[in-house]
Each structure stands twice: as structure tokens, then as C-alpha cells.
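Analysis of the macromolecular model
Here is how the chains run, residue by residue.
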Amino acid sequence: MTSPLQPSIVSRPPPPLVTCAGWEHFPHGADIGVRGWGPTVAEAFAQAGLALTAVVCEPRVVRSRDVVEIACRAPSLEVLLVDWLDAIIYRMAAERRIFGEFEVRIDGFELRALAHGEIIDAFRHEPAVEVKGATLTALEVTEKPDGRWCAQCVVDV
Amino acid sequence: MDSGRLTQKTPTEWWIEPHGAMRVPGILFASEALIRGMDDKVFEQVSNVATLPGIVRASYAMPDAHWGYGFPIGGVAAFDPDTGGVISVGGVGFDISCGVRLLRTGMRRSDLRGNERELAEELARVIPVGVGRGGHVRLEDAEQLDAMLEGGAAWAVARGYGTKADLDAIEEHGTMHGAEPGMVSELARRRQRDQMGTLGSGNHYLEVQSVSELFDASAAGRFALEEGDLVVSIHSGSRGLGHQIGSEFLRRMTIEAPRHGLQLPDRELACVPITSRSGQAYLGAMRAAVNCALANRQVLTAIVREVFGRVAPGARLTLLYDVSHNTCNVEKHRIDGHVKSLFVHRKGATRAFGAGHPDLPAHLRDVGQPVLVGGSMGTGSYVLVGTDEGMTRALGSACHGAGRAMSRHQALRQFTGRQIVADLAARGILIRSPSPRGVAEEAPGAYKDVTAVVDAAEQAGLSRKVARLEPVICIKG
């Protein structure tokens, strides 16, 4: 029984249209870096959310059975990313949820999102590890010269 | 790390001489080989910690030091509240009071022969491990949760999850004083509701082990350990409650630090003055999380005793000791001839008090504190004992584990869970885990050599080896 994730937790190919959004993991010592990018900061955050899911299990095996609303507000985009990831982590831990799709809107430093997913199923999802929290390590929310937004940080597992 | 950047004082003591904004030296305890194997971030992080206000004597790193959040993992630093000393979330970690306890079983390894698989299956079936699996103990109302956060292991024992004798063998006698449940948020409480008595995942484990070698016959005798004994180690922490507190206060301290005039060389060193409102709030919440971890390991102990009671009725599980390796404790230390009360951060480091220390339980006071050091799944672990010399060298601190040799990403490229399980089974070690990927990430080859770490700690005078433990069964999340 090989995990469907091995050895391929790397980048996802961008969707076929122009938008160019995606996620990946980057290595860090004892833990894992999550990175999302997209044409808008909101899309980058949504992709970072998928990267977070992928720390636990393959996003594609998560069914959209229900939807959860998430809202956060922070003094900066970077703290907003930490808050966003921590809000997902909280719902994964306290409500035993896993999410496969995120619709994110960001207005200034306020985020509102719909997180689509289901209650975690240990047999179907084969969750690999529990995420404890988002850290400030490698924390960046930046607009690249080509206009693409990138949102990343290391999460503690 | 290039050892040329350090001043070597002894074969196992290396200094970063104060430079720039450093108030004290950095002191790294390790062999030259371990120093060379350390990532460069350790140098940077040890130096950064040394710049923090109120730091006393030195910024220390244990032989297993590696890249952490602000503080290195394996970092030790003490602060004086009277001189503007700070408290830092990174100096404690997300998994507040992650720790280990060791249980003797009264059985020999040979007594288990032929029944290993049955014991492994029962432990795997009953111990709640991994993501999404709830605990057997549900804390229904705020009063119960508050009682647990104030009482720690004593709360668990009062509810029937152990005996008073267990409390004698736990740091702080099973209850961390100064816990303030009022400082624990609603989210942290909700996150813990279903997690009482769960093991967790990642590098957490419950391991049945055999005592394979003794190094200090006298200390081993006092710890009632003999070669060939069967023992059980439990490595787990404060679960969702601790993690939520870590996240919330990391955010709070990050935003507040500038308001206290703190010029941090690295924002991950998020900290506030101990005497500030946030500092006191964190202390209250952190101590509550310590109690949560102590209670959690106590409940897990009760579950293990119940399993042994069915599978190996002759067993009698007694607690040798329970140590935490992610905490900030108030301790008295002699500094420049005066006894001071200091806030000692140990992040991925273990307290290692020497013989005679008044905080040790009476039955261990003349031998010294047991120090429990986990290796990796599939390699050995160690029982050490704290030394008097270590009290002055490193504020009574020692290492906690092997430290990772490669990232989880790299481990997944090199190992598969299935292969690891098969290889270890061929060596007589049974691994039980619901996650093949989790097993691969925790592969023995992904960790450094724990023997080199404990040898260096001994050479440096921080602790002495007492016994080596080999795994027989490993339950992982």
C-alpha cells in the first residue's frame, strides 16, 4: 500500500487557461513549507490553503460535502496569511475537517472565504500528519515582477 | 557549521564570543563531528537569543541542536525578570510540554516472546493515534476542562487514571503551579475537547522497548532497570490545546514586541517582557498547557496499563519518570555567587537536575534526575541521569533526542512507509501506524545518530548514560 502522495509532493501543474495558479511544498528542517501563487493575492491564499491540505492528504481525494465560512482580519498581509492558515488548521483539528477547495476574497487586510470539504476519514484520506500551527519562518506575501502573487510560510507538524 | 567560527574551550564545549548586540556568549555543547553536522542557522539563532534582554550567563545549545523557530531546537536560555527578562513563544514551542515518560513493566523481554504481535495489535487498536481520531475521555464542560488545566496529572489520578505513586515520578509532582485556565481561549478549549488521551502524530510515539545495555550499574539499580527488562515509553505533548495557545501567543507577541521597545534581530524571536501583561498571560496559559500534557500522558498510561492487563496479566506498570522538553520553568540557579529565580526556556531540551536537587522526588534525590532521550523509531533510546556538573555548565539541562538529519520532503523521496515497516519487522521491530507517509517521514534514516548526541552530552558533563533501550513495538500516528 503505497501512499498516493509518494514521491510527488511537489508542484501542481497550472490549470490549462491563462490564470497560472498553483501550490507546492518547500523543505524545511523538521517541518514543511507551504507556498501558493496566483494572479491575485486571494488566489495565492487559496492555493496556500491547498498546500496546507496536502501536508495532511492529497487534496484531490477530498470531496466537497459541505462548506465552512472563514473570516479573518490582520494588521498586514503576512499576519493575515498566518491567520488564514491557522483558521484552517483549527477547523481541521477541532472539527476533524479536511478541505479540497477554497474560494477566497481579500479586501485590504480582511479575508472572507468559503472552504469546501468534508469530515476526515482516516481510511479514505490516510492523513499523514497533524499540523500544529503556521509559523513566521519563510513568511512572505509578495507580488512578483510578473504580477503573480506568492504566499508562503513554514507550518509546524 | 564551520567549527572555525567558534572558540573551542573543551572537546565538547564551543563558544560564540559575544559580538554585535549579543549580551552573553553562545555556548554549544557537542563533539566536533556534531558541530560540523549542525546547520548554520543554529549559529545564527544561538547568537540571536543571546541579544534578548535579561538573558543570564549564556545562550546554550545542546548536542542535538538544529534549526528552530527563533530559538534553535535544543536551545536553553534563562531570563531574569528583574532586569527586563523576556519570555518567548519560540523558546517553548508549539507543542508545549511535549515530553516523554518511561514505564517499567515488571516483565522481561523474554516474557513477551510469541505475543509481540498480539500486544502490538491491541495497542494499535486502542491507543488513539493520528489525525481525526478522538480520545476516549471527552471533557464536556468548562469546569472539567478548568480542573484538568489546573490539576494536570493529579487531576487524572483523582479521576482514576493512575496512582499517587505516579505523581511522585513526574516533574512538578504532576501539577504545574501558576496555571491560569482563564488565559486559555475558547478555541484552545474546543480544540482539546476530543483530544484527551490521544497520542498525536509526527514524531510522537508509544514504544515497547527492551533494556539492551547498562552503563551505570548504580544509577540503573536505583532506577530499577536491569538488562533484559521490558519497558514502555510514551512521547506526546499538550495536543490541540497547547498548539492553539502557541499560535495565539505567537501572533500576540509578534505584534506587541515593538511596543515594548524590543528590537528583535529575527521576528521569529517573538517575545515580551516577563512582567508585561502579555508575558503573564502567556505564563498562565503555558502552565495550563503543561498540565494538559501531563494529564494527557497520564491518561495514555492508564490506557496502556489496561491493555497490558488483558494481554500480559502478570505485568505491573510503574512510572520511572516523566520529563518535558518544551517548557519555560521558574528555577533557582546560582549565578555569580547569588541564587536567582530565573525563567528557564528549554526548547527541545530536557531538564537534567543533579543529585541532591531539592526539586527531585525523595526517592530519586540521591541519584539525580532521569533524563529520557528518544532516538528514532527503529533505533535505540537512552535513559540518562542529570549531573551536578551540568547544573553549573548548562543550568541543569541536557539533550532530548536525535534531531532530524533530513527534511520530511527528502525522507519521502528516499523511503516508503511500506519498506520501512518491512525492514524493521525483519529486525524484529513491529511498527503500527495508520499512515504510510507518516512512517516514511519518520524513517530511522531521517534522523541523526542519538548515540553520538548522548555521548557528547556525557563528555560535556551535562548528563551520564544509564541504559540503552531497543524498540520492540512502535505505535505511531
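Right above here is the structure, for reference.
Description of the structure in this document. None of these values were measured; they are calculated from a predicted model.

Moving on to the overall build of chain A. Helix and strand counts for chain A come out as three helices and eight strands. Going residue by residue from the N terminus, the α and β elements of chain A occur as β-β-α-β-α-β-β-α-β-β-β. Sequence-distant contacts in chain A: of pairs separated by 6 or more residues, those separated by 24 or more amount to 61%. Accessible area of chain A: about 6400 Å², with a carbon and sulfur share of 54%.

Below, the discussion takes up the sheet that holds strand E3 (residues 26-29) of chain B. All names here are of chain B. Taken in spatial order, the seven strands of this open sheet run E1-E2-E3-E4-E5-E13-E12, and their pairing is mixed. The sheet is open, and its two borders are formed by strand E1 (7-10) and strand E12 (326-335), each paired with just one other strand. Within this sheet the neighbouring strands show an average axis-to-axis angle of 25°, counted without direction. In the sheet, strand E2 (residues 13-16) pairs with E3 via four bridges, with the strands oriented antiparallel. Residue pairing across strands places Ile16 opposite Gly26, the latter belonging to E3.

Over its 16 residues, helix H1 (residues 41-56) of chain A runs 23 Å from end to end, which matches the ideal 22 Å to within 8%, given 1.5 Å per residue. Here H1 of chain A lies mainly inside the structure; 15 of its 16 residues are buried.

Before going further, it helps to examine the interface of chain B and chain A. Listed per partner, the contact involves 43 residues of chain B and 46 residues of chain A. Across the chain B to chain A interface the summed buried area is about 3900 Å²; carbon plus sulfur atoms make up 56%. Considering only the side of chain B, the residues that lose the most area to chain A are Tyr69, Val131 and Arg437 of chain B, jointly responsible for 19% of the buried surface there. Counting across the chain B and chain A interface gives four salt bridges. Note that Asp194 of chain B and Arg96 of chain A form a salt bridge whose closest N and O atoms lie 3.4 Å from each other. The interface formed by chain B and chain A holds 13 residue pairs in polar contact (both at pLDDT 80 or more) in total. Elements that contribute at least two residues to the side of chain B that touches chain A include exactly helix H7 (186-192), helix H9 (239-256), helix H12 (408-414), helix H13 (417-426) and helix H14 (436-441) of chain B. Broken down by class, the residue content of the side of chain B that touches chain A amounts to twelve nonpolar, 16 polar and 15 charged.

Quick notes on the rules
- Residues numbered from 1 in each chain as written.
- Chains lettered and ligands numbered in written order.
- Predicted model: local features only at pLDDT ≥ 70, side-chain atom pairs only at ≥ 80, totals over all residues.
- Heavy atoms only, no water.
- Helix = DSSP H or I, 4+ residues; strand = E, 2+ residues; numbered from the N terminus.
- Contact = heavy atoms within 4.5 Å.
- Areas by Shrake-Rupley, 256 points an atom, 1.4 Å probe, with all protein chains shown as cover.
- Pairing = 2+ DSSP bridges.
- Axes fitted to C-alpha atoms, helices over the stretch in contact; angles between N-to-C directions.
- Expected span 1.5 Å × (residues − 1).
- Buried < 20%, exposed > 50% of the residue type's maximum accessible area, 1.4 Å probe, protein only.
- Buried area = accessible area lost by both parts, 1.4 Å probe.
- Salt bridge = Lys/Arg side-chain N within 4 Å of Asp/Glu carboxyl O.
- Polar contact = N/O pair within 3.5 Å; in protein donor to acceptor, adjacent residues only side chain to side chain.
- Nonpolar A, V, L, I, M, F, W, Y, C, P; charged D, E, K, R; others polar.

Read these as geometric descriptors, not functional statements.
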